[in-house]
Amino acid sequence: MKAQALFAVVSALQLAVVANAEGLNPRHVAKRQNAVSTPAASSSASVSASATASVVAPATGTAPPPLASGTGVPPLSSISSGMPTRTAKAAATTYTPGSKPPIAGAPPLPNPIVPGSAVYPPVDKIPPTDSPEVKEWLKELEGHNIPDLAPTTDGSCGADPDKAADAANRGWWSCGGHTRDTDIVACPDKLTWGVSFDDGPSDYIRFKHVHMLYVLDYLKEKDLSATFFVVGSRITQRPALLIEEYMAGHEISVHTWSHSKALTSLTNAELVAELGWTRKIIKDVLGVSPTTMRPPWGDIDDRVRAVSLAMGMVPIIWSRSPSGNTFDTNDWQVAGGKVSGADSFNTFSTILQQASQMETGFIVLQHDLFETTVDLAVGYTLDAALNHNPKFNLKAIGQCQRIPATNLYVETNTNKTFPYPSANGSKANNRSGAVIALAPGSGKMAVLSALAGAALGVMGFLL
Ligand SMILES: [Zn+2]
């Protein structure tokens, strides 16, 4: 009985946390489902069809076999919201202040911040916009053309039919998949996967358990790098984990302070607060400020883009197949019981199948947030890609884009025009810029060349 009671409490806690992950919020679920519909979301049939399926259709039997043996990860069939939760331990960093990071020219590690310090805004809430810090960061928008787009209701097509009808003009990714040249949405080289983990730092990024390999250990064992899109307010709780990621040579990128609301629904000042505080705490902990960001749920439009770029952060989203499916493993839905581990792996298998047909590489959404997502990654998805025939090359997103590691941080960037000189303006503001409208039925070649163009266009800026 005692064990059952404990399990119930753990499950409840897990559910409480997942509500703030990529979304059990029904509005977000609706938004994500709409994201695979036509750009204007005008076809109720397509919305309805996508709403009944996971974002990517289940695999058709050509998936690589699950490969959990020897990892200590549970069998795929038992990875679910009901699985017993093992005890997570936060890593004790072995890195001391003054340690030299693996990025050329990077400052030594600063003195540690105090976890939970009152210096920072509250966890998982949009920071106040009247602080001296936010007022200062707002000045970064001066001289930039920030489109005067009214915030969306909640980032979903369904809640804003008028704005959804204008989604192509707004460059709204999560409502029709519209991108601009400045977005990173793929890797340029075929069969290359730009690996990323979102929503940490989480306790599940690394903890030692007999025979268990977790994300950092797994990546080290396989000599791989990944990009970590981190939530600022979670860094206040686990700064040592961020240091471990960075010092191990992985890329660090901004994923907002609170991860609580869709970015297109925020005011400009709220956007600045979300991005600015995350950039600040990363600098406080690591000594460097990322030059890239990822919008939660991929919710970005031209206003959000322009604010991000004005603050020196290039948006990175994830790929869509030529048929318009988002490359989302749905791993974030397992902890909440929406899909099973096997469902998520099948979705990933379909992604690999589609990716192997693409002329470019790709980026997939997955998470280090929960035990279930980490089990899926280190037990199944990463191995499946490494053992796939043809084999995939796994790289961090900056690596796959051939962006010099130094350009990923303000303090180490040696390109004086990086990321976007205000004199040139931002292509994100150019409404006639390349738009990838990945509606079902879009011509494959047009989509692929648009994807390649987007990747190469960004490379041109970054190199
Ligand atoms: Zn996220």
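The coordinates are above.
Owing to the predicted nature of the structure, the values given are computational and were not obtained by experimental measurement.

Trainee: If you had to explain the overall build of the chain to someone new, which residues and values would you point to?
Mentor: Counting secondary structure elements, the chain contains 15 helices and 7 strands. Burial status across the chain gives 54% buried among its 463 residues.

Trainee: Describe helix H11 (residues 302-310), with residues and values.
Mentor: By the criterion of burial, H11 is predominantly enclosed, with 9 of the 9 residues buried. Of all the positions in H11, only Asp302, Arg303, Val304, Arg305, Ala306, Val307, Ser308, Leu309 and Ala310 are classed as buried. Against helix H6 (167-170), helix H10 (268-286), strand S4 (292-293) and strand S5 (314-315) lie the buried residues of H11. Taken from the residues just after H11, glycine 312 is the one with a positive phi, measuring 85°.

Trainee: Mind laying out helix H12 (residues 341-355), listing which residues take part and the relevant values?
Mentor: In an α-helix, one turn spans 3.6 residues, which is why side chains three or four residues apart end up on the same side. When the terminal C-alpha atoms of H12 are compared, their 21 Å separation across 15 residues agrees well with the 21 Å that a helix rising 1.5 Å per residue should span. Most of H12 is tucked away, with 12 of its 15 residues classed as buried. Here H12 has its buried residues at Gly341, Asp343, Ser344, Phe345, Asn346, Thr347, Phe348, Ser349, Thr350, Ile351, Leu352 and Ala355. Those residues of H12 hidden inside the fold are in contact with strand S6 (362-363) and helix H13 (371-386).

Trainee: An account of the environment of tryptophan 297 is requested, with residue identities and associated values reported.
Mentor: Among the secondary structure elements, tryptophan 297 is positioned in the loop between S4 and H11. Assessed through the 27 C-beta atoms surrounding it within 10 Å, tryptophan 297 is described here as buried. Along the sequence, tryptophan 297 and histidine 259 sit 38 residues apart, while their C-alpha atoms lie 9.2 Å from each other.

Trainee: Give me the lowdown on the pairing of strand S2 (residues 227-230), citing residues and values where you can.
Mentor: In S2, alternate side chains face the same way, and those of Thr227 and Phe229 on one face and Phe228 and Val230 on the other are all buried. Sheet topology note: the strand S1 (residues 192-200)/S2 ladder contains 4 bridges and is parallel. The partner of aspartate 198 across the bridge, within S2, is phenylalanine 229. As paired strands, S2 and strand S3 (residues 251-254) are joined by 4 bridges and run parallel to one another. Looking at the pairing, threonine 227 lines up with glutamate 251 of S3.

Trainee: Account for the nonpolar core, with residues named and values stated.
Mentor: One finds Val215, Leu242, Leu286, Phe362 and Ile363 to be the most contacted residues of the largest nonpolar core, which totals 102 residues. Here this core gets 10 residues from one element, more than from any other, and that element is H10. Excluding residues that lie within four positions of it along the chain, leucine 242 makes contacts with Pro201, Val230, Ile235, Ile252, Val285 and Leu286.

Trainee: An account of unusual backbone geometry is needed here, citing residue identities and associated values.
Mentor: The omega torsion of the bond from glycine 200 to proline 201 falls at 0°, within 30 degrees of zero and hence cis. When you line up the elements, proline 201 lands in the loop between S1 and helix H7 (215-221). A cis amide bond, omega 5°, links asparagine 389 with the succeeding residue proline 390. Residues other than glycine seldom take positive phi values, yet leucine 191 does so here, at roughly 65°. By the element assignment, leucine 191 lies in the loop between H6 and S1. By the C-beta count within 10 Å, which is 18 here, leucine 191 ends up partly exposed.

Rules behind the numbers
Residues numbered from 1 in each chain as written. Predicted model: local features only at pLDDT ≥ 70, side-chain atom pairs only at ≥ 80, totals over all residues. Helix = DSSP H or I, 4+ residues; strand = E, 2+ residues; numbered from the N terminus. Buried ≥ 20, exposed ≤ 12 C-beta atoms within 10 Å, placed from the backbone. Contact = placed C-beta atoms within 7 Å. Expected span 1.5 Å × (residues − 1). Pairing = 2+ DSSP bridges. Core = buried A, V, L, I, M, F, W, Y, C linked by C-beta atoms within 7 Å.

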